[in-house]
Every structure is written in C-alpha cells, then in structure tokens.
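Coordinate analysis (summary)
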Amino acid sequence: MSDFNKSRRVFLRTAALGVAAVPLARVATHVPAARAEKPKAEDGHALDYVNDGSTSDHEKYQDGNKCSNCAFWAGEVSGGWGGCRHPQFSDVLVNADGWCNTWVPGG
C-alpha cells in the first residue's frame, strides 16, 4: 500500500471520528441554564386579574371560575402558582385561585 493511501485512510478515519464526536461534545459540555423564576402576578396585572377570584367584583366573574380550571392554565410551578398561556401573562406566574376577564372553561 502506498504512503498516499495510508495517509488518506488515516485522514478519513480521523475525520469520521471527529464528526461523530461533535454531538457527544455538545452533551458533555451542556450546562443547563439557570431557570430564572418568573415574578408572581399582582392584582390588576392585566385583564382585571386578581390573585383570588372569589374577591372579584367584575361582571364576567362567576363562582368557581379560577385560573386552575381555565383553558389558558399551563400547570402549577410551585406553591399554588403556575403558568398561563395567555400572552398578557407570559412573563409572570398566576395564582391557581386567581381570575382574569379572559377566563374560558378548560383545565
């Protein structure tokens, strides 16, 4: 076998190992980003939101309506606070017992 073929084979083998190593390197060096906790929504945040729906005096509010049984509810994160899929609440956590005027049956 000529030196040229040996060099070519060594190059191809090394290149193949290098390409195969790229996904492994991404996994090995991956550091999960620190999950910054979102702030909790306060009464009046948006859309007549209140942290306790039972205290709402809005004409749309009906007994039993609350974030945790709304179609926008994204699930609890911690301690009765969770996410809301409505764009107005994408930057905050809402209270499971909260309510806003875009409440729709679901959850």
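No experiment lies behind these values; they were computed from the predicted model shown. Residue positions are given per chain, counted from 1 along the sequence in the order it is written. Only residues with pLDDT of 70 or above have their local features reported here, since the model is predicted, and side-chain atom pairs are shown and tallied only from 80 upward, although totals for entire chains, interfaces and linings are computed over all residues. Think of the side-chain values as coming from all heavy atoms in the structure, minus any hydrogens and water.

Spatially, β1-β2-β3 is the arrangement adopted by the 3 strands of the open sheet, whose pairing is antiparallel. Because the sheet does not close on itself, it has two edges, and the strands there are β1 (73-78) and β3 (94-95). Following DSSP output, two strands are said to pair if at least two bridges run between them. Runs of H or I in DSSP of at least four residues are treated as helices and runs of E of at least two as strands, each being numbered from the N terminus. Bridge analysis of β1 against strand β2 (residues 81-84) gives 3 bridges, and the strand direction is antiparallel. Bridging across to β2, S78 finds its partner in W81.

Time to look at the packing of aromatic side chains. Pairing of aromatic rings covers Phe, Tyr and Trp, the last through its six-membered ring, and needs centres within 6.5 Å; plane angles under 30 degrees mean stacked, over 60 mean edge-to-face, and all others mean tilted. Summed over all chains, the structure comprises 2 aromatic pairs. Pairing Y61 with W99 gives two aromatic rings, centres 5.4 Å apart and planes at 85 degrees, and the pair type is edge-to-face. In this pair, Y61 is assigned in the loop between α1 (3-29) and β1 and W99 in the segment after β3, connecting sequence segments 38 residues apart.

All right, on to empty space enclosed by the protein then. A cavity here means a set of 1 Å grid points, computed over protein atoms only, where a 1.4 Å probe fits but cannot escape. A pocket is an open set with protein on both sides within 12 Å along at least 5 of 7 lines, and lining residues have an atom within 4 Å of a point. Grid points are joined across faces, edges and corners, and a volume is the space filled by probe spheres set on the points. One pass over the structure, following the stated rule, counts 1 cavity of 30 Å³ or more. For the largest cavity, the calculated volume is near 100 Å³. Lining the largest cavity are 13 residues, with C67, C70, F72, C84 and C100 positioned closest to its centre. In terms of residue class, the lining of the largest cavity is built from 11 nonpolar, 2 polar and no charged. Classes in brief: Ala, Val, Leu, Ile, Met, Phe, Trp, Tyr, Cys and Pro nonpolar; Asp, Glu, Lys and Arg charged; the others, Gly included, polar.

Relative to β3, β2 runs antiparallel, the two sharing 2 bridges. Within β3, the position partnered with W81 by the bridge is N95.

Let us look at the nonpolar core. What makes a nonpolar core is a set of buried Ala, Val, Leu, Ile, Met, Phe, Trp, Tyr and Cys residues whose side-chain atoms join them at distances within 4.5 Å. The classification of residues rests on relative accessible area computed with a 1.4 Å probe and restricted to protein chains. Under 20% of the type maximum is buried, over 50% is exposed, and intermediate values are partly exposed. Of all hydrophobic cores here, the largest spans 13 residues; its most connected members are A41, Y49, C67, W73, F89 and V94. For this analysis, residues touch if any pair of their heavy atoms sits within 4.5 Å. Ignoring anything within four residues of it in the chain, the contact list for A41 reads Y49, N51, W81, V92, L93 and V94.

Treat this as a map of the structure, not an account of what it does.
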